[in-house]
Amino acid sequence: MRALVPLVALLVVAGCASNTNTLKPTTQAQVLPADQNTAVAEGAGVRLVADASAWKGSPANLERTLTPVYVRLENQSGRTLRIRYEDFSLVGTESRFRYSALAPFSLRQSALSSRDDGTGGSGRSWVYMGGGPRWGSRFGPRWGSPFYPFYGPYGPGPYAYQCEEPLPTQDMLRQALPEGTLGDGGTVQGFIYFQVVTGRESGVVLEARPVDANSGESLGTLDIPFQVGKS
């Protein structure tokens, strides 16, 4: 039985090098004529533009660890909008699981831990992967966290793979969508980071829920469907 544990761990380590997200708009999405990877949705005077293949920063292979999605919001609603990560999510088209957007600094605080290998700290990070939900003591399964304990054939175990560059990187912080407010006539853009959906979903829907910053009133939901693949 014990011989299987290193094998499982090896498979998880291999996943760090082979699992890459490829999210492309489905045929039902409205794409830009000049860029088939960029899709748009509009409603209540708000325009959402999204591209899940736009990441060019460091680390270059971020898609193996997270799902970075570039978004741009254009506000012509006549209102001031609230911009918060909690108003964005990816929803599995079959599972209906909702993957919450992750605040970049939360990756350092709750998802990653430094390894002290006797050299004073290597700067590397351990990322905990899994194939099932993370159970909280009060709230049940939580899918919002990008990394949770691996559930192997004999129960949970702290299997992990090691990433060379600690997250979040400066590029991730610099290019992240800024939270705050967006005035009428304004535009805001940046990346939102989600947990990896490759291998779990065949498709996801990016949902943005514009909210009036003054009244708290929801302006509806903007949806962009993506198909999920692996490369």
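A brief report on the enclosed structure follows. (Residues numbered from 1 in each chain as written. Predicted model: local features only at pLDDT ≥ 70, side-chain atom pairs only at ≥ 80, totals over all residues. Heavy atoms only, no water.)

**Points about the pairing of strand β17 (residues 187–195)**
The element β17 is extensively covered by neighbouring structure, given that seven of its nine residues are classed as buried. Of the strand pairs in this sheet, strand β5 (residues 66–75) and β17 are connected by nine bridges, and their pairing is antiparallel. Note on β17: the bridge partner recorded for valine 69 is isoleucine 192. (Buried < 20%, exposed > 50% of the residue type's maximum accessible area, 1.4 Å probe, protein only. Helix = DSSP H or I, 4+ residues; strand = E, 2+ residues; numbered from the N terminus. Pairing = 2+ DSSP bridges.)

**Description of the sheet that holds strand β6 (residues 81–83)**
Spatial ordering of the open sheet is given by β16-β6-β19, a layout of three strands whose pairing is antiparallel. This sheet does not close on itself; its edge strands, each paired only once, are β16 (180–182) and β19 (211–212). Examined bridge by bridge, β6 and β16 share three bridges and lie antiparallel to one another. From the neighbouring strand, isoleucine 83 faces β16, where its bridge partner is glycine 180.

**Some remarks on unusual backbone geometry**
Cis geometry marks the peptide bond from serine 58 to proline 59, where omega comes out at 0 degrees. The topology assignment puts proline 59 in the loop between β4 (46–51) and β5. With phi around 55 degrees, alanine 44 is a residue other than glycine that occupies positive phi space. When you line up the elements, alanine 44 lands in the loop between β3 (35–43) and β4. Unlike most non-glycine residues, arginine 96 shows phi in positive territory, near 65 degrees. With respect to the helices, strands and loops of the structure, arginine 96 is situated in the loop between β7 (88–92) and β8 (98–100). Overall, arginine 96 belongs to the exposed group, its relative accessible area being 52%.

Taken by themselves, the reported measurements are silent on function.
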